[in-house]
Amino acid sequence: MRMKHVLGAVVGLAIVGGIATGGLAQDDGGWRHGVIPVGELKYPLGFERFDYVNPDAPVGGLVRLGAMGGFDTLNIVPAQGVAADGLGLIYDTLMTGNLDESLAQYGLLAEGFRVAEDFSSATYRLREDAYWHDGTPITPADVIWSFDTLKANNPQMASYYEHVVSAEQTGEWEITFTFDDPSNRELPSIVGQLLVLPQHYWEGTDSAGNPRDITAPTLEPPLGSGAYRIALLDPGRSMTFERVADYWAADLNVNVGSNNFQTIRYEYFLDETVLFEAFKADEIDFRTENIARRWSNEYNFPAIAAGHVIAERVFTDVDYGRIIGYVYNTRRPEFSDIRVREALTLTYPYEEVWHDLFYELYNRFDAFFDGYELEADGQPTGRELEILEGLRDIVPAQVFTTDFTPPVNGTEEETRANLRRAIDLLAEAGYELRGSTMTNVATGEPLVIEFLNVQPSFEANALRWKDALLNIGVDLQIRTVDSAQYTERVRARDYDIIYQGWTQSLSPGNELLGWFHSSSRDVAASRNFAGIADPAVDQLIEMIINAPNRDEQVAASRALDRVLSWGWYLSPGWYLDGALIAYWDRFSHPENLPRYSIGFPSIWWFDEEKAARVGPQE
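This write-up is about the structure you can find in this document. (Residues numbered from 1 in each chain as written. Predicted model: local features only at pLDDT ≥ 70, side-chain atom pairs only at ≥ 80, totals over all residues. Heavy atoms only, no water.)

Moving on, we get to the overall build of the protein. For the protein, the count of helices and strands is 18 helices and 25 strands. Compactness check: the protein gives a C-alpha radius of gyration of 25 Å against a globular reference of 25 Å for 618 residues, within 12% of the reference. The dimensions of the protein, computed from C-alpha atoms along their principal axes, are 75 × 65 × 50 Å. Counting across all 618 residues of the protein, residues that qualify as buried make up 56%. (Helix = DSSP H or I, 4+ residues; strand = E, 2+ residues; numbered from the N terminus. Rg over C-alpha atoms; globule rule 2.2 N^0.38 Å. Buried < 20%, exposed > 50% of the residue type's maximum accessible area, 1.4 Å probe, protein only.)

If you want it as structure tokens, here you go:
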């Protein structure tokens, strides 16, 4: 998984209605080897490997990956700085997932776990043979220190682990996490995603004798426990990871057939066009294409004709819902009014963009839980309707009568009708057209808004919206900045509109607190990009987290989907079914790829025979 911030990997797993064991063997103490929130675990106690890997995959070779922007820290804990890509390679977690089973977790650092009958605590038992790259054993003290440190110094983790009140050693190799809300059935599982850090390293001194500071950015390569370590870095330009020869978990069942590359290198670029040219010039090995125009028009260079580069659209099943779009910052006075947000969204010329810029490859999101069973569909019925009835006085009336769909501007008649509706909504919100300028009646100020952008290639899209907004007298200014400035401005909430989104798991839970709950509105670096502070949203999130069974969770999630969608917190964006990938043909992968991912680079390997045909890497 490609991560800009490794902590993003620990969000999204929940347990509802108890922990499923799937009839699996467990010892008299109630220890379990895995957990899944819905259904049964695929792999039994003592399984040898995941089905989709090649256990005989050769180890070796180099893979070169492209990254945008730069980095100025290798410390994933504090909110400050821009963390390098790939840092998840150097760390292990208590439990780990797999690529053909949605939301399942199996033991990594922990060989097993058990949960109190009343769900007031969960205990994890560490493997005694786990150790850091310097040979020091990984201990319960490391786990406890990591939990306390992350919760104290990372806003996202503070929110995520809000109801995990303590971690303490309760056996020679055991750590017990205590919860203040036993009705929240996801808590035993989310602690399994805890990223474990080395206490002795961070409380020690660097090569110059200076004390290390876990709360500050640093470019000193940190000590890890994972399959890779940092071998070389050129700050802001490149990061090289090398495979750890004596990795403690190399032969563990969850790792067999994985981590096959000897070297993984990230090369950084400030411009996407330059990155693409680097790929064409054989300076980058693999890329996922996200620009339809480029995919349709520019993948015709000589290396493709020669068969040296493979370009293909691949399809995998999706085990999550997601929403991405132009997010309005409701902390800004103009966007605190739902009528303004709806008016702006009405003008977005999606159909024009879909045809001219997307080459009809993409689809538009139409829900916050788009794409799976938690998405609201039709008018609410049954338990979902009962939940919404209890909130009738504080939710938009449309949630009861109309299935949410994004505005359509496919014809001139539809466009004119939406523009008229947008002008009427802005008038209700206190604006009027003065000449060709939409003006705040009370202040006399024109309605000028800024889209904060980090991708130059995105400007063409935003310019289409800018042109459409001029029809109602609104001035959309497009401000493209580098990744470091973008990150800092987003953290400081210094923006009107950004293009962002959220990925929902099949079993949403605590992560929703940091995304949509009022408690995260003013928390630095939370993912509440829209600044949502809505009592109905708060109540629905709490119902989801505390749902006693799957049916209740689904009903509350669908209700939340409706309320968020009708809150007009964003202008819905677009998605691609499958992925557009291209790579130099030096690699191989298992014949049967996993259900939910192509698994690159984790389960692919360097193929020396293919590489000899294509030619050497630089």
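This part takes up the sheet that holds strand 4 (residues 105-107). Across the sheet, three strands lie side by side as 1-4-3; this open sheet has antiparallel pairing. Looking at the sheet topology across the chains shown, the edges are occupied by strand 1 (34-35) and strand 3 (95-96). Inspection of the sheet shows strand 3 paired to strand 4 by two bridges, in the antiparallel sense. Counted as the bridge partner of methionine 95 is glycine 107 from strand 4. (Pairing = 2+ DSSP bridges.)

For the structure shown, the criterion picks out 56 aromatic pairs. For the pair phenylalanine 279 and phenylalanine 301, a centre-to-centre distance of 6.3 Å together with 90 degrees between the ring planes defines the contact as edge-to-face. Here phenylalanine 279, found in helix 5 (residues 272-280), pairs with phenylalanine 301, found in the loop between helix 6 (292-297) and helix 7 (302-305); they are 22 residues apart in sequence, far enough to count as distant. In this structure, phenylalanine 279 and phenylalanine 301 share a single accessibility class: buried. Aromatic pair phenylalanine 587 and phenylalanine 600: ring centres 6.0 Å apart, planes at 70 degrees, arrangement edge-to-face. Of this pair, phenylalanine 587 sits in strand 24 (residues 587-588) while phenylalanine 600 sits in the loop between strand 24 and strand 25 (605-606), placing them 13 residues apart in sequence. Three or more aromatic residues joined by ring pairs make a cluster, and in this case those are Tyr326, Tyr348, Tyr350, Phe358, Tyr362, Phe451, Phe458, Trp465, Tyr499 and Trp574. Across from the ring centre of tyrosine 201, 3.7 Å away, lies the NZ or CZ of arginine 212, which sits over that ring. (Phe/Tyr/Trp six-rings, centres within 6.5 Å; stacked < 30°, edge-to-face > 60°. Lys NZ or Arg CZ within 6 Å of the ring centre and 35° of its normal.)

Relative to strand 8 (residues 174-179), strand 7 (residues 164-171) is paired through six bridges, and the arrangement is antiparallel. What sits directly across from glutamine 169, in strand 8, is isoleucine 175. Hairpin remark: strand 7 followed by strand 8, antiparallel, with two residues in the connecting loop.

Another point: the packing of helix 8 (residues 338-346) against helix 12 (residues 412-428). Packing of helix 8 against helix 12 brings their axes to within 8 Å, and their N-to-C directions diverge by 160 degrees. Relative to helix 12, helix 8 is oriented roughly antiparallel. For helix 8 against helix 12, the interelement crossing comes out left-handed. Counting all contacts with helix 8, which are made through Arg339, Val340, Glu342, Ala343 and Leu346, the residues of helix 12 involved are Asn418, Arg421, Ala422, Leu425, Leu426 and Glu428. Of the residues in the contact of helix 8 with helix 12, the class split is six nonpolar, one polar and four charged. (Axes fitted to C-alpha atoms, helices over the stretch in contact; angles between N-to-C directions. Parallel < 35°, antiparallel > 145°, perpendicular 65-115°, else oblique. Left-handed = near helix turned anticlockwise from the far one by under 90°. Contact = heavy atoms within 4.5 Å. Nonpolar A, V, L, I, M, F, W, Y, C, P; charged D, E, K, R; others polar.)

Attention now goes to helix 17 (residues 550-565). Its 16 residues give helix 17 an end-to-end C-alpha distance of 22 Å, which sits within 8% of 22 Å, the value for a rise of 1.5 Å per residue. For helix 17, the buried fraction is high: 14 of the 16 residues fall into the buried class. The opening residue of helix 17, the one whose side-chain oxygen lies 3.2 Å from the backbone nitrogen of aspartate 551, is asparagine 549. (Expected span 1.5 Å × (residues − 1). Polar contact = N/O pair within 3.5 Å; in protein donor to acceptor, adjacent residues only side chain to side chain.)

Further remarks concern the nonpolar core. In terms of nonpolar packing, the biggest core is built from 87 residues, with Leu87, Leu94, Tyr124, Tyr161, Phe177, Met239 and Phe241 touching the most fellow members. The element best represented in this core is helix 1 (residues 140-153), accounting for five residues. Leave out the neighbours within four places in its chain, and tyrosine 161 touches Phe147, Lys151, Ile190, Val191, Gln193 and Leu194. The next biggest cluster of nonpolar side chains, apart from the first, holds 50 residues, and it includes Tyr348, Leu419, Ala429 and Val614. (Core = buried A, V, L, I, M, F, W, Y, C linked by side-chain atoms within 4.5 Å.)

Our focus in this paragraph is the sheet that holds strand 5 (residues 110-115). Overall, antiparallel pairing links the four strands, which are arranged 5-6-8-7 in an open sheet. Whereas interior strands pair on both sides, the edge strands pair on one side only; in this sheet they are strand 5 and strand 7. Neighbour-to-neighbour, the strand axes of this sheet turn through a mean angle of 20 degrees, independent of strand direction. Contacting strand 6 (121-126), strand 7 and strand 8, helix 1 crosses the sheet at an angle of about 170 degrees to strand 7.

Attention now goes to the side chain of glutamate 384. On the secondary structure map, glutamate 384 appears in helix 10 (residues 382-389). By relative accessible area, glutamate 384 is classed as buried at 8%. One polar contact links glutamate 384 to arginine 562, side chain to side chain, over a distance of 2.4 Å. Contacts of glutamate 384, omitting those with residues within four sequence positions, involve Ala376, Ala555, Arg558, Ala559 and Arg562.

This part takes up the pattern of salt bridges. Scanning all chains against the criterion turns up 35 salt bridges. A salt bridge links arginine 212 to glutamate 220, with the shortest nitrogen-to-oxygen separation between them at 2.9 Å. Classification of arginine 212 by relative accessible area gives buried; the value is 18%. Among the salt bridges present, the one from aspartate 585 reaches lysine 610, with a minimum N-O distance of 3.8 Å. (Salt bridge = Lys/Arg side-chain N within 4 Å of Asp/Glu carboxyl O.)

Pairing analysis gives six bridges linking strand 9 (residues 228-234) to strand 10 (residues 238-243), with the strands arranged antiparallel. Residue pairing across strands places isoleucine 230 opposite phenylalanine 241, the latter belonging to strand 10. Here strand 9 folds back onto strand 10, and the loop between the two strands holds three residues, one of which, glycine 236, carries a positive phi near 80 degrees.

Remark: helix 10 packs on helix 17, axes separated minimally by 8 Å, with the N-to-C direction vectors making an angle of 55 degrees. Put simply, helix 10 runs oblique to helix 17. Considering how the two elements wind past one another, helix 10 and helix 17 form a crossing that is right-handed. The segment helix 10 lies against helix 17, with Arg383, Glu384, Ile387 and Leu388 engaging Glu552, Ala555, Ala556, Arg558, Ala559, Arg562 and Val563. Broken down by class, the residue content of the contact of helix 10 with helix 17 amounts to six nonpolar, no polar and five charged.

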